[in-house]
Amino acid sequence: MTEKKTKILVSVDGSENSMRALKEAKKYGEMSQAEITILSVLNHGFALQSTSKTSANNGKTEQTREEIGEAILTEALKSFEDYSGDVYTSLRNGYPADEILEEADFGEFDLIVMGSRGLGLFSRTFLGSVSNKVLNHAKSNVLIVK
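Residues numbered from 1 in each chain as written. Predicted model: local features only at pLDDT ≥ 70, side-chain atom pairs only at ≥ 80, totals over all residues. Heavy atoms only, no water.

## Quick word on the overall build of the protein chain
Phase 1: The number of helices and strands found in the protein chain is four helices and five strands.
Phase 2: Buried residues in the protein chain amount to 37% of all 146 residues.
Phase 3: Sequence-distant contacts, at least 24 apart, represent 73% of the contacts inside the protein chain between residues at least 6 apart.
Phase 4: Counting only carbon and sulfur atoms, one obtains 50% of the accessible surface of the protein chain, whose full area is about 8,900 Å². (Helix = DSSP H or I, 4+ residues; strand = E, 2+ residues; numbered from the N terminus. Buried < 20%, exposed > 50% of the residue type's maximum accessible area, 1.4 Å probe, protein only. Contact = heavy atoms within 4.5 Å. Areas by Shrake-Rupley, 256 points an atom, 1.4 Å probe, with all protein chains shown as cover.)

## Comments concerning the side chain of S11
Phase 1: Here S11 shows up in strand 1 (residues 7-11).
Phase 2: For S11, a relative accessible area of 11% puts it in the buried group.
Phase 3: The residues contacting S11, other than those within four sequence positions of it, are S18, L39, I100, V113 and M114.

## Thoughts on the pattern of salt bridges
Side chains that differ in charge, positive against negative, can pair when their charged atoms come close.
Phase 1: Throughout the structure, instances matching the rule amount to 11 salt bridges.
Phase 2: What you see here is one network of salt bridges that share partners, running through R92, E99, E102 and E103. (Salt bridge = Lys/Arg side-chain N within 4 Å of Asp/Glu carboxyl O.)

## A word on the side chain of T37
Phase 1: The topology assignment puts T37 in strand 2 (residues 35-42).
Phase 2: On the accessibility criterion, T37 (6% relative accessible area) is buried.
Phase 3: Filtering out sequence-adjacent residues up to four positions away, T37 remains in contact with I8, L9, V10, Y88, S90, E103 and F109.

## Focus: the environment of V130
Phase 1: With respect to the helices and strands, V130 occurs in helix 4 (residues 129-137).
Phase 2: V130 gets classed as partly exposed once you look at its relative accessible area, which sits at 22%.
Phase 3: As for V130 and D98, which are separated by 32 residues in sequence, their C-alpha atoms are 8.5 Å apart.
Phase 4: Setting aside anything within four residues of it in sequence, one finds V130 in contact with Y95, P96, A97, I100 and M114.

## Examining the environment of S90
Phase 1: Take S90: it is sitting in strand 3 (residues 87-93).
Phase 2: Distance in space between the C-alpha atoms of S90 and I38 is 6.2 Å, their sequence separation being 52 residues.
Phase 3: Setting aside its immediate chain neighbours within four residues, S90 contacts T37, I38, L39, S40, L73 and E103.

## A look at the sheet that holds strand 5 (residues 141-145)
Whenever strands of a sheet pair, they do so through backbone hydrogen bonds, lying parallel or antiparallel.
Phase 1: Across the sheet, five strands lie side by side as 3-2-1-4-5; this open sheet has parallel pairing. Looking along the sheet, the strands with just one partner apiece sit at the ends: strand 3 and strand 5. When the angles between neighbouring strand axes are averaged without regard to direction, this sheet yields 20°.
Phase 2: In the sheet, strand 1 pairs with strand 2 via five bridges, with the strands oriented parallel. In the sheet register, I8 faces strand 2, and the bridge partner there is I36.
Phase 3: Contacting strand 4 (111-115) and strand 5, helix 4 runs over the sheet at an angle of about 160° to strand 4. (Pairing = 2+ DSSP bridges. Axes fitted to C-alpha atoms, helices over the stretch in contact; angles between N-to-C directions.)

## A word on the packing of aromatic side chains
Phase 1: Scanning all chains against the criterion turns up one aromatic pair.
Phase 2: Ring plane angle 80° and centroid distance 5.6 Å describe the contact between F80 and Y83, whose orientation is recorded as edge-to-face.
Phase 3: When the ring centre of F109 is taken as origin, the NZ or CZ atom of K7, which lies over that ring, is 4.9 Å away. (Phe/Tyr/Trp six-rings, centres within 6.5 Å; stacked < 30°, edge-to-face > 60°. Lys NZ or Arg CZ within 6 Å of the ring centre and 35° of its normal.)

## Concerning helix 1 (residues 16-32)
Phase 1: Between its terminal C-alpha atoms helix 1 stretches 25 Å, which fits the 24 Å expected from 17 residues at 1.5 Å a residue.
Phase 2: Three or more residues of helix 1 are buried, namely N17, S18, A21, L22, A25, K26 and G29.
Phase 3: Of the residues flanking the end of helix 1, it is Q33, one or two places downstream, whose phi is positive at about 55°. (Expected span 1.5 Å × (residues − 1).)

This is the structure we're talking about:
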């Protein structure tokens, strides 16, 4: 009988808290030889630049969102250059909490690691709305990093 490999999902959005979450995920991953997936979610509710009703500008906004998401994942991967286990990335579109929960369920992750607050409008609240929803609805363990 083969032992099931531990799987860790770490959510990043480029914020300082999500970068700290990466460090914690790596630390836990090294202890358990875990497979790690770094997830970034393109939040359609968050305006990256001034929006216009024209389809040309909306296309540029989507392209910019994807470029920013890819840049966040590329930067996050640098933290794992010396990691001995498997590391994957995932870029999703939608509301962050819903996408994190869906990814966690689909991938059957053992642990979700995320920052307590991200880049949202109310970043000074005690526990951000995304981390609060994930904490209360995830089927797996959740580590909230401050």
